[in-house]
Amino acid sequence: MAAPETETKDKEGGEGVAPTEGDDVTDKTEEDAQEEITMATEEAEKEETEGEGKVENGETEEGKDDCKEEETPEQSEEGEKAENGPETDKPDDEPAQAESHGDEEGTEEREHPSDETPDAATDEQKVTEDEKETQDGDKEDTGETKETEETTEVSEEKTERKSSKLEDIKEDDDSEKGEEKDEKSDSGKGEDSTSPTPPPPAGRRRSEPTLSQAPSPRGNQGSSQAMLRRGSLMDVRLRQAERTQRDAMKDPNNWPMEALQVENLDGESEVGCLIRATSDVLDSPPSPITASYLHHLSHRTVGSAEELVSEVVDLQPRGQVLPGPLIVAVPYPVSARAGSREVIVKTSQDGEKWRAIPAFNPEANYRERKGVFFAEVNVKQLGMFAVLSRPAREKIHIPTKGGLFKAPQDQRVSFKYDKEGVKTPMMLTLEIQPVSMSVVADVKSREKTCEGLISCSPIVRMSHNVNIHTRDSPPITVTVPVPPNPSRAAAEESNTKRPKTAFEGSRSSDAASRPMSAFSLGTRSSSAQDDDDTLRLLTWEEGGWLVHDDVELTERKGDLVAFELKVVLQRFIILRLKTGSHYSPEKVVRALEKSLRTKRAACIALHRADDPNSLVFKCVPAANSAQTLRALEDSGYVGPPDPSADVLLTEGQLIYMRLLGNITHADESSEEELRLPFHCHVHKSVRLKVKEQDEFANHSYDEYRGQVEFFLRENNEHDGKETSLCKLPVSLPKKERPRPRPPSSYRKLIEVPGPLGTDGLNHLAREMGEDWDVVAGYLKVKHSRVQAIKRNYPGDIKQQAFDMLYTWRNSMPRHCDKVGVLYKALRKSDRGDLAEKLRAETAA
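Residues numbered from 1 in each chain as written. Predicted model: local features only at pLDDT ≥ 70, side-chain atom pairs only at ≥ 80, totals over all residues. Heavy atoms only, no water.

## A closer look at the overall build of the protein chain
Counting secondary structure elements, the protein chain contains 24 helices and 33 strands. Counting over 844 residues, the protein chain shows a buried share of 36%. Carbon and sulfur atoms provide 48% of the accessible area of the protein chain, an area that totals close to 51100 Å². (Helix = DSSP H or I, 4+ residues; strand = E, 2+ residues; numbered from the N terminus. Buried < 20%, exposed > 50% of the residue type's maximum accessible area, 1.4 Å probe, protein only. Areas by Shrake-Rupley, 256 points an atom, 1.4 Å probe, with all protein chains shown as cover.)

Here is the structure:
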């Protein structure tokens, strides 16, 4: 009985004692309530299938939880028994423990009176004290249980508020259906609908669900949990939809596309570029994104061995930094594609410094926009963009084991690395610029310094990402194609002896008797100087090309030449030159490189058919001149003149123009210099209005004549040396001048009295008719004056007669008898009727 005594002493000692078994029950109840809230929240966030399954099995789980709650006091007593066990090992403690557990155990204790001892009275007193202490502990446990129930009800009210908020969002019909379903599930799952509802267990009172007091989600409010789960499922679906939409927007192909329109040189609207981005990126600039062409900056974009293939597109507001990526697709023609060249995109902010940016799709194609390709780049800042082509750059991975590696562009170009020379894996970058035999023939015909050039290898540019310039490293064996000497090959073929035959002697005698024309012309003999040639290796270093005579060049089978490279060269080329050539290899390769950059072009100057004062100037490759002329004719431009003779220009070179002769710019105040950039794929043009400089010049021709001169300037400087390319004639038709007014239209008529006044002369002119020129002869009016009167008034007989009479009257002196002279002239002209009328009017 030591345990009860110890507990009594602890209680009498006041506060600060160790917690009793009632405190343990309270802690467990609070933990159960917290677990219920956590479980309800976790269940609400589960997927739809799991939620529905748990709604169906809610009754079973709740029943199990109720059983656990009913067993909680018993478990606490068992815990108390376990704690007191080591101290109360005597059998006398069994009655007290039996009474604390229930009536059944107490009855069992009473059924064994044989166990009582002489100290039974004392034991009974101790048992009574233990029972009182147990009852006091039960009361404390009951109070603490009520506090736990109140805490649980507060948590249930919070859960009910959350569920009510979710319920308001739903539609009325969905909520009613959900409540009916939940009520049916709460009324008794698995039981018959006709069976009576069992009464609630003793000690547990079921309360009606209200807003102020929410029922337990485990016991009696399955509908709240169902609504909470349905609301959570809706949130999950919304989150899944948003996540799916976000994942879809990560793919640039799903971004909205916008076509930016620009105005070309013809004044027509066309698609300047396409942009794609998310809506927040497109709406981030302060003003909408717009595009325009910058024709005057096209020559600044071109670098070495590069060609412009698109217009320079300016996206405004320039320099605007975007919050996300923006895809810009710049169009360029399909004809710009070439097997040995690649497409790149350049960008700039000031138009002076241009840098290349990687294009993740250089040949994008859209079904609705056929005939053009689009170079797509991913940027985060607006600026100027242009598409260019350059010799393709290929990268080859060189492992540590070395080996033979061939260029993807030309399999005849190869590099052999020794195993000992490759310490670490590295990357070889190749750029091969082919030089065909047609280019060699063209440069030989234009450049005197290239007369001794027979053939050459392609110009190879190579670089490594690591430094391999070591003294002890083994050399790299390089193989490149160099076409053989055609003269020597023909000579070797002609000198090849065929095997002897039985008829060789007779055939040779027949050949000697044949005429010279019967022999084949294909085996033309060549001089020894043409047969001999030498191979020279030249490399590019800062300052120019240098010849490497210390490198041994070995000719292999076919047209291949190999040599060992101990130092990595930036650029190199192998020339096959005639022996004894007068020009150095350095001059030959410079002329060859210049010829590769230059193109044959033609200058065009036309005027509009409906407006001769509107001119257009163009400079296009000579091969495209006929196609350009047809396109201009379709646009309403006609000639003459014809295109100019071929001129040599480089990509991006500026061509200057000026008007000569009696043709000048219509806007005399404009001081803008006429210039035109030349590009092989993008054909620029200049349009302007002109007029005659002196309307009284070129009086011997029916048109005003002048010229337009195309010329170059050294280093594009205003005072640089000028080199004239060509001059094309330009003409303007003369305007039809108005006829000179007759004297009567601007002179003041002199009135005189008598029959020769203005009214009298008008009457005589009307009656005289076509006989006026006969009367003029008798009045001695000059023949030239008569002709002038007829020119001044063509077809007006009356006005002609009046002007003749008026001129005659004013030319006569005052003292002369003018009426008598006119009377005699009328009589001699067989117009006596008019003479008699004149006399009668004079007498009156």
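## Observations regarding helix H24 (residues 832–843)
Taking 1.5 Å per residue as the helical rise, H24 with its 12 residues ought to reach 16 Å, and the 16 Å between its terminal C-alpha atoms agrees with that figure. Within the span of H24, buried status applies to Gly832, Leu834, Ala835 and Leu838. For H24, the angular spread of the buried residues around the axis is 160°, confining them to a single face. (Expected span 1.5 Å × (residues − 1). Arc of directions from axis to C-beta.)

## Digging into the sheet that holds strand E33 (residues 722–733)
The sheet built from 4 strands is open, its strands ordered E30-E28-E32-E33 with antiparallel pairing. Edge positions in the sheet fall to strand E30 (674–677) and E33, since each of these pairs with one other strand and no more. Taken pair by pair, the neighbouring strands of this sheet meet at an average axis angle of 30°, ignoring direction. Two strands pair when backbone bridges link them, and strand E32 (residues 703–713) and E33 are joined in this way by 11 bridges, in the antiparallel orientation. (Pairing = 2+ DSSP bridges. Axes fitted to C-alpha atoms, helices over the stretch in contact; angles between N-to-C directions.)

## Considering the sheet that holds strand E21 (residues 554–555)
Spatially, E13-E14-E18-E22-E21 is the arrangement adopted by the 5 strands of the open sheet, whose pairing is antiparallel. Only two strands of the sheet have a single partner each, and these edge strands are strand E13 (403–406) and E21. Across 2 bridges, E21 lies against strand E22 (residues 560–565) in antiparallel orientation. Its bridge partner lying in E22, Thr554 is registered against Ala562.

## Comments concerning the packing of helix H23 (residues 818–828) against H24
Packing of H23 against H24 leaves a shortest axis separation of 7 Å and a crossing angle of 160°. The angle between H23 and H24 places the two elements in the roughly antiparallel class. The hand of the H23/H24 crossing is left-handed. Between H23 and H24, the contacting residues are Val819, Leu822, Tyr823, Leu826 and Arg827 on the first element and Gly832, Leu834, Ala835, Glu836, Leu838, Arg839 and Thr842 on the second. (Parallel < 35°, antiparallel > 145°, perpendicular 65-115°, else oblique. Left-handed = near helix turned anticlockwise from the far one by under 90°. Contact = heavy atoms within 4.5 Å.)

## Digging into unusual backbone geometry
Following Gly639, the chain continues into Pro640 via a peptide bond in cis, with omega recorded as 0°. Assignment of secondary structure puts Pro640 in the loop between strand E26 (637–638) and strand E27 (647–650). Each neighbour pair has its own omega, and for Pro640 with Pro641 the value is 10°, a cis peptide bond. Position of Pro641 relative to the elements: it lies in the loop between E26 and E27. Even without glycine at this site, Ala305 takes up a positive phi of about 60°. Along the chain, Ala305 turns up in the loop between strand E3 (290–293) and strand E4 (307–308). Residues other than glycine seldom take positive phi values, yet Asn698 does so here, at roughly 55°.

## With respect to the pattern of salt bridges
Applying the stated criterion across every chain, the model contains 29 salt bridges. Close ionic contact of Glu431 with Arg393 constitutes a salt bridge, the shortest N to O distance being 2.8 Å. With Glu431 in strand E15 (residues 426–433) and Arg393 in strand E12 (residues 393–398), this pair connects stretches of sequence that are 38 residues apart. Overall, Glu431 belongs to the buried group, its relative accessible area being 8%. Under the relative-accessibility criterion, Arg393 is labelled partly exposed at 40%. The shortest N-O distance in the salt bridge between Arg705 and Glu703 comes to 3.3 Å. Each member of the salt-bridge network shares a partner with another, and the members are Arg658, Glu673, Glu709, Arg713 and Glu722. (Salt bridge = Lys/Arg side-chain N within 4 Å of Asp/Glu carboxyl O.)

## Topic: the packing of helix H21 (residues 783–792) against helix H22 (residues 797–811)
The contact between H21 and H22 brings their axes to 9 Å, and the two run at 145°. H21 and H22 meet at a crossing whose hand is right-handed. Across from Arg785, Ile789 and Lys790 in H21, the residues of H22 making contact are Gln800, Asp803, Met804 and Thr807.

## Overview of the nonpolar core
The tendency in soluble globular proteins is for nonpolar side chains to be buried side by side. Core analysis: the largest hydrophobic core is formed by 29 residues, its most contacted members being Ile275, Leu315, Leu326, Val328, Tyr332 and Val387. When residues of this core are assigned to their parent elements, the largest contribution, 5 residues, is made by strand E6 (residues 321–333). Not counting the four nearest positions on each side in its chain, Leu326 is found in contact with Ile275, Arg276, Ala277, Leu282, Val377, Asn378, Val379 and Leu382. Counting 28 residues, the second largest nonpolar core, distinct from the first, contains Ala407, Val413, Val460 and Ile476. (Core = buried A, V, L, I, M, F, W, Y, C linked by side-chain atoms within 4.5 Å.)

## Brief notes about the side chain of Ser614
Secondary-structure assignment places Ser614 in strand E25 (residues 614–621). When its relative accessible area of 9% is taken as the criterion, Ser614 is described as buried. Sequence-distant contacts of Ser614, that is, excluding residues within four places in its chain, are made with Leu606, His607, Arg608, Tyr637, Leu688 and Lys689.

## Some thoughts on H23
Structural remark: α-helix, 3.6 residues per turn; residues separated by three or four positions point the same way. Within H23, the full set of buried residues consists of Leu822, Tyr823, Ala825 and Leu826. Taken around the axis of H23, the buried residues stretch over an arc of 165°, which confines them to a single face. For H23, exposure combined with an orientation more than 90 degrees from the buried face picks out Lys824 and Lys828. Lining the buried residues of H23 we find helix H19 (758–768), helix H20 (772–778), H22 and H24. Phi for Asp830, located one or two positions after H23, is positive at around 60°.

## Some words on the environment of Ser731
Along the polypeptide, Ser731 turns up in strand E33. Residue classification places Ser731 among the partly exposed residues on the basis of a relative accessible area of 28%. In the structure, Ser731 is positioned 25 residues away from Gly706 in sequence and 6.0 Å away in space, judged by C-alpha atoms. Discounting residues that sit within four places of it in the chain, Ser731 has contacts with Glu703 and Tyr704.

## Looking at the environment of Leu659
Along the chain, the position of Leu659 falls in strand E28 (residues 654–661). For the pair Leu659 and Val708, spaced 49 residues apart in sequence, the C-alpha separation works out to 4.6 Å. The residues touching Leu659, leaving out its near neighbours within four places in the chain, are Phe617, Thr664, His665, Leu688, Val690, Gln707 and Val708.

## Things to note about the packing of aromatic side chains
Considering all chains together, one arrives at 8 aromatic pairs under this definition. Measuring from ring centre to ring centre gives 5.7 Å for Trp540 and Trp545, while their planes differ by 70°; the resulting arrangement is edge-to-face. For Trp540, a relative accessible area of 26% gives the class partly exposed. In this structure Trp545 comes out as buried when scored by relative accessible area, which is 4%. Its end group placed over the ring of Tyr701, Arg705 keeps NZ or CZ at 4.0 Å from the ring centre. Between the NZ or CZ atom of Arg839 and the centre of the ring of Tyr823, over which it lies, the distance is 4.3 Å. (Phe/Tyr/Trp six-rings, centres within 6.5 Å; stacked < 30°, edge-to-face > 60°. Lys NZ or Arg CZ within 6 Å of the ring centre and 35° of its normal.)

## Section: the pairing of strand E24 (residues 598–608)
By the criterion of burial, E24 is predominantly enclosed, with 8 of the 11 residues buried. Note: E24 against E27, 4 bridges, orientation antiparallel. Looking at E27, one finds that Thr598 is bridged to Thr650. Across 7 bridges, E24 lies against E25 in antiparallel orientation. Counterpart to His607 in the pairing with E25 is Leu615.

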